[in-house]
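What the coordinates show
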Amino acid sequence: MLLTRLGLFAEKATRAFWPLWSVCFVILAPLMFGWQDRLTLEAFWGLSVLAVLGFGSALVWGVRRFTWPTYSDAVARLDASLPGRPIAAVRDTQAIGTGDAASEAVWQAHVARMRAASENARAVQPDLRVSDRDPYGLRFIALLFFVCALMFGSVLRVGSVSEIAQGGTQTLATGPVWEGWVTPPAYTGRPTLYLNDIPPGPMGVPVGSEITLRLYGEVGALTVDETVSGRTTDIAPASDPEQRFVVTQSGRLAISGERGAAWDVTAQEDTAPSVSFNGEIDSDAMGELQQPFAATDDYGVETGFVTIALDLDAVDRRYGLTVDPDPIEPLVIDLPMPFGGDRADFEEVLIENLSEHPLANLPVTMTLTVTDAAGQDGTSETVPMTLPGRRFFQPVARAVIEQRRDLMWSHDNGRRIAQVLRAISYTPEDLFTNQTTYLRLRQIVRNLESYNTAGLTEDQELELTTALWELAIQLEEGTLADARERLRRAQERLEEAMRNGASDEEIAELMNELREATRDYMQMLADQMEPGESGTDQPDMAQNSQEMSQDQLQAMMDRIEELMQEGRMAEAQALMEQLNQMLENMRITQGEGQGDGPRTPGQQSMQDLADTLREQQELSDDAFRDLQEQGQQGQEGQQQGQGQQQGQGQQQGQGQQQGQGQQQGQGNEPGNQQGQGQAQNDQGQEGQGGESLAQRQQALRDELNRQRGQLPGLPGDAGDRAAQQLDRAEGAMDGAEQALRDGDLGRAIDQQAEALDALRGGMQALGEALAQNEQQEPGQGQAQGETNGQVQPSRRDPLGRQLGNSGQFGSDENMLQGEDTYRRAEELLDELRRRSGEQNRPQVERDYLNRLLDRF
């Protein structure tokens, strides 16, 4: 009862006097900030009258509404909280049936039951909510004002009110009063110090801190003496009412006069940042370099750059490098900085592709430099190295790139380069696979000879080096890559039409473009195939197989066009994924760019990992662009905002294409492809946002997990390292996926960088393990069907088809003849039905069996 009554008191006091303490908070907050010391006397007294009136009104309002809670009020509150109001029942008396023994017995039993119920009573909590009386939350505004005053003001300042009230303007005008603040540099993150609250004595402040002093009262009553600014000129008088100076050295700060103070100031120096190389430089076959580095600073690194300069003394001065080089300016590249977290101590990786730069594949020196917010620089040691660049393996392409290097080295090499290129093109039928590349080279030679006559200019050099680079790329990758690129562009345009909606005329035009690109691509595949390289035991069936694939592709494209015209974009997208899968399987079957024989399991694993590495890098680039666009929002005008939307549209197309590439490597089941196509279509409709990137990251992680399961067994330390690196890559991909789902793009990019590093390490270890395995088992690598010196042409796949020379299941040969064919098919269907009905099998396996049954 006592606690309930106290709760009633708190409830009534809160509801009656909440305006009173809100007014008190509003009055105290300005006084704690020291407003009274800055106001004129008239304004001070005017606001004081308003404060007194507000306080009195709130007090009267609260007194009139406050009623003291009585004992009966507490009993009623407590009784109402109990079921059946037992307290009132116990205090009641029997109204009828007195004198009747049975009636009195019933009444006594009822009272006993109510008394037992009242013994379980607990104090009732008061209702302190006043939101119905303060719908605008004025009490919270007053409380916020008061809390800010407690944090950034001082309670001692309230005492100046009494001095103003007693002395009036005389005290304010003549009393020697001072105030001071120490504001550290913004980059330190330290708060402003109020000198009046700091006791005299030693005081440490960062170099560059600004000290502001204000002297009140009679001029000359207070003076300032300081040696921390190091000023020798433009020194204000010591009695100036307001003084500002910056701390540049340790010294003494003193305010002389009544209520003065003095401090021994220690200037805390801002140490210069430091940066160092954090490992050896690494690169891939395409010339992309990765240079890890580490940087530290006491408050944080702001920017950084790397300087790459030619190391002339280390150059092998032969052939085109014999002459003195033209001036080559050092290459300066910005260093990547963390997008989130602390920059005081971090590690990052510089990733660049400098294959087209004049310094590529030449000896250089690399120096790292970082700068902090104070403008101080930190420089690493200068490290000599060979600047990585793309490696060319096709002989003519390698020769063209060498002449390109010599041309950028010195214009004096122009005549020699023209002679070498003419010698290369003397017998084109022996060196060039097609007439286009030969004619391009001849045109370059003619232009070079013409420019040499009049003198080679910088613009002409740029034109020639660009043409030579494009020629070398075409020679290295071949025309098949061009056909595949046209096919990819046609698919991207069609997918964009699926997402945004297109008219029937636009759909017809895009489908014609896709048909032409597909036809050219398949023709290139057929042209590159030589007789006897079909990969099966029946080379004479290759033509029939090609014709069948062409018919299937034509039917699928017709169906895609029909679905798009009907507006069934999701189904069209799923069928588009199946088309991509068929084209990808055809590319792999033909063995594009992989030499004369088929790939071994180890080679296929290396190629799959290389594809995963490339797609992971592209995904990281997309995440980086999204992060840049987030940082630019709200800081650019409408025109630049429209440009960002266009950039996002481009990223959507890239993300959609990458998603298709992932699905192409994930299996051939129609059900699986259709589900993935639908998911990818939904993803494309979402845009290039955080969820879309997370789905792409998940697909990459699933693909890597599949590849890990198909790795060949490789004993030794290299094999163990490869497994460990790929496990680390999968963990980093999982962390990047979670960060993308949380919207933390900075952490996602860091995790993706770790995944890229682990993938490279895994590929390197896998390559070493494959090399060791070949040394231990000589004779391997000629054909997959000859592994371990055994040829097994009589082996059959689960459908009874023979295994060809390439080691791949399936061919165009006739299957088992006669009744044996139907018997074998019936046995397979019965086995599928039996396994699909076993509930103890994993769900994923039963789903796959059901898809097979639905298809056949």
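The rules we used
- Here, residues in each chain are numbered from 1, in the same order as that chain's written sequence.
- In keeping with the predicted nature of the model, local features appear solely for residues at pLDDT of at least 70, side-chain atom pairs appear and are counted solely at 80 or more, and the whole-chain, interface and lining totals rest on all residues.
- Excluding hydrogens and water, the side-chain figures rest on all heavy atoms present in the structure.
- Helix and strand definitions follow DSSP, with helices as H or I runs of at least four residues and strands as E runs of at least two, each counted in order from the N terminus.
- Partly exposed describes any residue whose relative accessible area lies between the buried limit of under 20% and the exposed limit of over 50%, with all areas from a 1.4 Å probe on protein chains only and scaled to the type maximum.
- Residues are treated as being in contact if the distance between any of their heavy atoms lies within 4.5 Å.
- The protein chains shown are the only cover counted for residues, whose accessible areas, like all others here, come from Shrake-Rupley with a 1.4 Å probe.
- In a helix, the anticipated span is given by 1.5 Å times the number of residues less one.
- Salt bridges are identified by distance alone: a Lys or Arg side-chain nitrogen within 4 Å of an Asp or Glu carboxyl oxygen.
- Any two strands are treated as partners once DSSP identifies two or more bridges connecting them.
- Between the N-to-C directions of two axes lies an angle of 0 to 180 degrees, each axis being a line fitted to C-alpha atoms and, for a helix, fitted only over the stretch in contact.
- The quantity known as pLDDT measures the predictor's confidence residue by residue, on a range of 0 to 100.
- Residues enter patches when they are more than 30% accessible in relative terms and free of salt bridges; like-charged ones are connected within 9 Å and nonpolar ones (Val, Leu, Ile, Met, Phe, Trp, Tyr) within 5 Å.
- A pair of aromatic rings is counted whenever rings of Phe, Tyr or Trp (Trp by its six-membered ring) have centres within 6.5 Å, and the orientation is called stacked for planes under 30 degrees apart, edge-to-face for over 60 and tilted otherwise.
- By definition here, charges over rings are those cases where NZ of Lys or CZ of Arg is within 6 Å of the ring centre and within 35 degrees of the ring normal.
- Here is the rule for angles: anything less than 35 degrees is roughly parallel, anything more than 145 is roughly antiparallel, 65 through 115 is roughly perpendicular, and the remaining ranges are oblique.
- Here a crossing is called left-handed whenever its near helix is offset anticlockwise from the far helix by less than a right angle, and right-handed whenever the offset is clockwise.
- Gly is put with the polar residues, along with every residue not named as nonpolar or charged; the nonpolar set is Ala, Val, Leu, Ile, Met, Phe, Trp, Tyr, Cys and Pro, and the charged set is Asp, Glu, Lys and Arg.
- Whenever a nitrogen or oxygen atom comes within 3.5 Å of another N or O atom, the pair is scored as a polar contact, on the condition that within protein one atom can donate a hydrogen and the other can accept it, and that pairs from neighbouring residues in sequence are kept only if both atoms are in side chains.

What follows deals with the overall build of the protein chain. Within the protein chain one finds 23 helices and 17 strands. Looking at the protein chain as a whole, 39% of its 856 residues qualify as buried. Considering only contacts within the protein chain whose residues lie at least 6 apart along the sequence, 71% involve residues at least 24 apart. For the protein chain, the exposed area adds up to about 46,300 Å²; of that, 51% sits on carbon and sulfur atoms.

Backbone geometry at Arg 85 places phi at a positive 45 degrees, although glycine is not the residue there. By the element assignment, Arg 85 lies in the loop between α3 (71–80) and α4 (86–91). Positioned with a positive phi, Tyr 319 is a non-glycine residue whose angle comes to about 55 degrees. Mapped onto the elements of the fold, Tyr 319 is located in the loop between β12 (301–310) and β13 (331–334).

As a further point, take helix α8 (residues 395–409). Note that an α-helix has 3.6 residues per turn; residues three or four places apart therefore point the same way. End to end, α8 covers 21 Å across 15 residues, agreeing with the expected 21 Å (1.5 Å per residue, within 8%). All of the buried residues in α8 are Val 396, Ala 397, Val 400, Ile 401, Gln 403, Arg 404, Asp 406, Leu 407, Met 408 and Trp 409.

The subject of this paragraph is the pattern of salt bridges. What the rule picks out here adds up to 37 salt bridges. The salt bridge involving Arg 422 is made with Glu 449; its shortest N-O contact spans 2.6 Å. Taken together, the residues span a long stretch of sequence, with Arg 422 in helix α9 (residues 414–424) and Glu 449 in helix α11 (residues 435–454) at a distance of 27 residues. Judged by its relative accessible area of 31%, Arg 422 is partly exposed.

To continue, consider the sheet that holds strand β5 (residues 223–226). Spatial strand order, β3-β8-β7-β5: 4 strands in an open sheet with mixed pairing. Single-partner strands in this sheet number two, and they are β3 (201–206) and β5. Averaged over neighbouring strand pairs, the angle between their axes works out to 25 degrees when direction is ignored. In terms of strand pairing, β3 meets strand β8 (residues 261–268) through 6 bridges, oriented parallel. Bridging from a neighbouring strand, Met 203 pairs with Val 265 of β8.

Once that is clear, we can look at the confidence of the model for the protein chain. Of the residues in the protein chain, 76% reach a pLDDT of 70 or more, and the chain-wide mean stands at 76. For the protein chain, the element scoring lowest by mean pLDDT is helix α18 (residues 670–686), at 36; strand β15 (residues 363–372) scores highest, at 95. In this model residues 588–597 is a low-confidence stretch, pLDDT under 50, and it forms 11 contacts with partners more than four residues away in sequence or in other chains. Confidence drops under pLDDT 50 across residues 778–819; counting only partners more than four residues distant or on other chains, this segment forms 62 contacts.

Next up on the list: a nonpolar patch on the surface. Together, Phe 140, Leu 143, Val 147, Leu 150, Met 151, Phe 152 and Val 155 line one region of the surface with nonpolar side chains, adding up to about 720 Å² of accessible area. Mapped onto the fold, Leu 150 is located in helix α6 (residues 138–152).

Strand pairing in a sheet is mediated by backbone hydrogen bonds. Such pairs are either parallel or antiparallel. Reading across from one edge, β2-β1-β4-β6 is the order of the 4 strands in this open sheet, with antiparallel pairing throughout. Each edge of the sheet is formed by a strand with only one pairing partner; in this case those strands are β2 (193–194) and β6 (242–246). The pairing of strand β1 (residues 177–183) with β2 spans 2 bridges and is classified as antiparallel. The residue bridging Trp 181 from the neighbouring strand is Tyr 194, located in β2.

Another point: the packing of aromatic side chains. The tally for this structure, following the rule as stated, stands at 13 aromatic pairs. Seen in terms of ring centroids, Phe 66 and Trp 68 are 6.1 Å apart; in terms of plane orientation they differ by 85 degrees. Their pairing is edge-to-face. These aromatic residues form a ring-pair network of at least three members: Phe 9, Phe 17, Phe 66 and Trp 68. The ring of Phe 392 is capped by Arg 390, whose NZ or CZ atom sits 5.2 Å from the centre of that ring.

For the pair α9 and α11, the least separation of the axes is 9 Å and the interaxial angle reads 155 degrees. Judged by the inter-axis angle, α9 sits roughly antiparallel to α11. The crossing of α9 and α11 is left-handed. Residue-level inspection shows Gly 414, Arg 415, Ile 417, Ala 418, Leu 421, Arg 422 and Ile 424 of α9 in contact with α11, the latter providing Leu 441, Arg 442, Val 445, Leu 448, Glu 449 and Asn 452. A per-class count over the contact of α9 with α11 returns 7 nonpolar, 2 polar and 4 charged.

What follows is about the environment of Leu 510. You can see Leu 510 is positioned in helix α13 (residues 504–528). Look at Leu 510 and you get buried, because its relative accessible area is 9%. Spatially, the C-alpha atoms of Leu 510 and Glu 561 are 9.3 Å apart, while their sequence positions differ by 51 residues.

Attention now moves to the environment of Ile 424. One can find Ile 424 in helix α9. In this structure, the C-alpha to C-alpha distance between Ile 424 and Val 400, residues 24 residues apart in sequence, is 9.0 Å. Aside from chain neighbours lying at most four places away, what touches Ile 424 is Val 396, Ala 399, Leu 431, Phe 432 and Leu 441.

Side-chain alternation along β13 places Leu 331 and Ile 333 on a buried face and Val 332 and Asp 334 on a face that remains uncovered. Taken together, the 4 bridges between β12 and β13 define a ladder with antiparallel strand orientation. The residue bridging Thr 307 from the neighbouring strand is Val 332, located in β13.

For helix α20 (residues 717–742), spanning 26 residues, the distance from its first C-alpha to its last is 38 Å, which sits close to the expected 38 Å at 1.5 Å a residue. Of the residues one or two after α20, Gly 743 is the one with positive phi, at around 80 degrees.

Attention shifts here to the packing of helix α1 (residues 2–33) against helix α2 (residues 41–65). Remark: α1 packs on α2, axes separated minimally by 7 Å, with the N-to-C direction vectors making an angle of 165 degrees. Our classification of the angle between α1 and α2 gives roughly antiparallel. The chirality of how α1 crosses α2 is left-handed. For the pair α1 and α2, the contacting residues are Arg 15, Ala 16, Phe 17, Trp 18, Pro 19, Leu 20, Val 23, Cys 24 and Ile 27 in the first and Ala 51, Gly 54, Phe 55, Ala 58, Leu 59, Trp 61, Gly 62, Val 63 and Arg 65 in the second.

Turning our eyes to something else, we now look at the side chain of Gln 291. As for its placement among the helices and strands, Gln 291 is situated in strand β11 (residues 288–296). Within the structure, Gln 291 has its side chain in polar contact with the backbone oxygen of Gly 279 (distance 2.9 Å). Filtering out sequence-adjacent residues up to four positions away, Gln 291 remains in contact with Phe 277, Gly 279, Glu 280, Ile 281, Glu 348, Val 349, Leu 350, Met 366 and Met 385.

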